[in-house]
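Chain by chain, the residues:
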Amino acid sequence: MVGRHTAQWKVSVEEAIELQRQWARQVCRERQLPDTVSIVAGLDAAYDGKNIYGVAVSLRLPSLEVVESTITICPEEFPYIPGLLSFREAPALLGALQLLRIRPDVILCDGQGIAHPRRFGIASHIGVLADIPSIGCAKSLLCGQAEHPADTIGATAPVWDRGEVIAFALRTRSRARPVYVSIGHRVDLHSAVEVVLECCRGYRLPEPIRLADLLSKRLSQSTRRSHSAIEGAA
C-alpha cells in the first residue's frame, strides 16, 4: 500500500529543539509491551534529492514472516541538522505507520531513542506521537561513551552519558560492529534488547529495519534513475 503524506512540519530550528525538550518529558521508560509480542514494525527512510520515502514493514514473531509493508512520500522540508533528524523523517515515517492495517505491538526505528543529547531521537519521536512502544536501533552513536561488548551474539555493554546509561551496545553478529539499542517509548532497556535480538537472523540489523531499509533505498534509487533519464532526454 502506498500513500502520500501531506502534513506540514514547518518549525524553526529553535522551535524544534524546544519541542524535543517538551516531548522528552512524555517518554515512558517502563515496559508496556504485551506479554507476547506478535507484530513488530520496522521503519526507515530514504531520499531521492527531492522527496523522503517513509517505509514501514511489519513482521510476525517468532517466524519473522512479512505481514505487510507501506510507503509514504513527502517532500524534503526540514534541513539536515544533527540531532533534529526526526523533523525531516517523522512526517513520512508516521504516514507509513498510519497506513498499516494491523497496529504493531512495537516499532523498531533505524536511529536513536533516548540516546540523544535531549533524550528525544527519532524512535522516541515516533513512539510518543503514535503512542506505540518503540525502540531505537542505531548503527552509530549520537552522544555518550560506549564500551565494547564481547564478540558473542547477544553480548551487551552500557553506553553512558552524563551519569546515566542511555543505551546498550549490542552484538548482533560475530565479528561485526555492534548496534546501539535505546528506549524509544513505553519500553525498558532490557526488553528493548530482547526484542531486537528476537528479530535478528544472521545480519547486523534486525529484520524489520533491514527490510525497511532495503525497500526505502530501492524506491529512492529507482526514482533517481527515472529523474536522470528524464533530464538526459530533455
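Details of the structure are given in the entry above.
Note that residues are indexed from 1 along each chain, following the sequence as it is written. With pLDDT at 70 or above as the cut-off, local features in this predicted model cover only qualifying residues; side-chain atom pairs require 80 or more to be listed or tallied, and sums for whole chains, interfaces and linings still use all residues. Hydrogens and water molecules were not included; the side-chain quantities draw on all heavy atoms of the structure.

Participant: How should the overall build of the protein be read in this particular structure?
Facilitator: Of regular secondary structure, the protein possesses five helices and 10 strands. The globule rule puts the C-alpha radius of gyration for 234 residues at 17 Å, and the 17 Å found for the protein is close to it. For the protein, the spread of C-alpha atoms along the three principal axes comes to 55 × 40 × 35 Å. Note on exposure labels: buried denotes an accessible area under 20% of the residue type's maximum, exposed denotes more than 50%, and partly exposed covers the range between, all computed with a 1.4 Å probe on protein chains only. By the burial criterion, 56% of the 234 residues in the protein qualify as buried. Contacts are assigned to residue pairs that have any heavy atoms within 4.5 Å of one another. The long-range share in the protein, meaning contacts at least 24 apart out of those at least 6 apart in sequence, stands at 67%. In the structure as shown, the protein presents an accessible area of about 10800 Å², 51% of it carried by carbon and sulfur atoms. His residues and chain termini do not enter the charge count, which takes Lys and Arg as positive and Asp and Glu as negative. All charge positions are set by atom: Lys at NZ, Arg at CZ, Asp at CG, Glu at CD. In the protein, 27 positive and 25 negative side-chain charges are present, and the distance between their average locations comes to 4 Å. For helices the rule is a DSSP run of H or I covering at least 4 residues; for strands it is a run of E covering at least 2, with both sets numbered from the N terminus onward. The globule rule used here is 2.2 Å times the number of residues to the 0.38 power, and the radius of gyration it is set against is calculated over C-alpha atoms. Residue exposure ignores everything except the shown protein chains as possible cover, and the areas themselves are Shrake-Rupley values with a 1.4 Å probe.

Participant: Is there a simple way to explain the environment of I71 in this structure?
Facilitator: With respect to the helices and strands, I71 occurs in strand β4 (residues 65–75). Residue I71 is classed as buried on the basis of its relative accessible area, which comes to 12%. Sequence separation between I71 and D35 is 36 residues; the distance between their C-alpha atoms is 29 Å.

Participant: What should I look at first to understand the nonpolar core in this one?
Facilitator: Inside soluble globular proteins, nonpolar side chains tend to come together where they are buried. Judged by nonpolar contacts, the single largest core of 42 residues is most densely connected at L108, I135, V181 and V196. Here V196 is in contact with L108, I135, C137, L170, T172, V181 and P206, once residues within four sequence places are set aside. Nonpolar cores are built from buried Ala, Val, Leu, Ile, Met, Phe, Trp, Tyr and Cys residues. Side-chain atoms within 4.5 Å join them into one set. If you look at the next biggest cluster of nonpolar residues, it comprises 20 residues, including L94, L100, C109 and I126.

Participant: Explain the side chain of D105 here, please?
Facilitator: Examined against the element boundaries, D105 turns out to sit in the loop between α2 (86–99) and β5 (106–109). What makes a salt bridge here is a side-chain nitrogen of Lys or Arg within 4 Å of a carboxyl oxygen of Asp or Glu, nothing more. Summary of buried charges: D105 has no salt-bridge partner, and the nearest side chain of opposite charge, R103, is 7.4 Å away. Of the polar contacts made by the side chain of D105, one reaches the backbone nitrogen of S38; its length is 2.7 Å. Pairs of N or O atoms are called polar contacts if they sit within 3.5 Å, as long as, within protein, a hydrogen donor faces a hydrogen acceptor (for residues adjacent in sequence, only side-chain-to-side-chain pairs).

Participant: What exactly am I supposed to notice about helix α3 (residues 122–130) here?
Facilitator: Side chains three or four residues apart in an α-helix point the same way, a direct result of the helix having 3.6 residues per turn. When you tally the buried positions in α3, you get seven out of nine residues, the bulk of the element. Buried within α3 we find I122, A123, S124, H125, I126, G127 and V128. D131 occupies a position one or two residues after α3 and carries a positive phi of about 55°.

Participant: Just to check I follow, could you spell out the layout of surface pockets for this structure?
Facilitator: The gaps left among the atoms become clear once a water-sized probe is rolled over them. Approximately 540 Å³ is the volume found for the largest pocket. Buried and open spaces are told apart on a 1 Å grid over the protein atoms alone, a cavity being a set of points where a 1.4 Å probe fits but cannot get out and a pocket being an open set with protein on both sides within 12 Å along at least five of seven lines. Residues with an atom within 4 Å of a point are the lining residues. Taken together, 28 residues form the lining of the largest pocket, with Y80, L85, E89, D110 and G111 sitting closest to its centre. At the level of elements, β2 (39–47), α2 and α5 (207–233) are the ones that each hand at least two residues to the lining of the largest pocket. All amino acids are sorted into three groups, where Ala, Val, Leu, Ile, Met, Phe, Trp, Tyr, Cys and Pro are nonpolar, Asp, Glu, Lys and Arg are charged, and the leftover types, Gly among them, are polar. Residues that form the lining of the largest pocket fall into these classes: 12 nonpolar, 10 polar and six charged. Grid points are joined across faces, edges and corners, and a volume is the space filled by probe spheres set on the points.

Participant: Please clarify how the state of the cysteines should be interpreted in this entry.
Facilitator: As used in these notes, a disulfide is a covalent bond between sulfur atoms, one from each of two cysteines. The definition used for a disulfide is geometric: two cysteine sulfur atoms within 2.5 Å. Per the stated rule, a full pass over the model turns up zero disulfides. Not part of a disulfide, C137 finds its nearest cysteine sulfur in C200, a span of 7.0 Å. Judged by relative accessible area, C137 falls into the buried class, the value being 0%. Unpaired in this structure, C199 has its nearest cysteine sulfur neighbour in C200, at a distance of 7.2 Å.

Participant: How do you make sense of the pairing of β5 when you look at a structure like this?
Facilitator: Looking down a regular strand, the side chains alternate between one sheet face and the other. In β5, alternate side chains face the same way, and those of V106 and L108 on one face and I107 and C109 on the other are all buried. Strand pairing follows a simple DSSP-based rule, namely that at least 2 bridges must link the two strands. Judged from the four bridges that link them, β2 and β5 form a sheet pairing that is parallel. Its bridge partner being in β5, V40 is matched across the sheet by V106.

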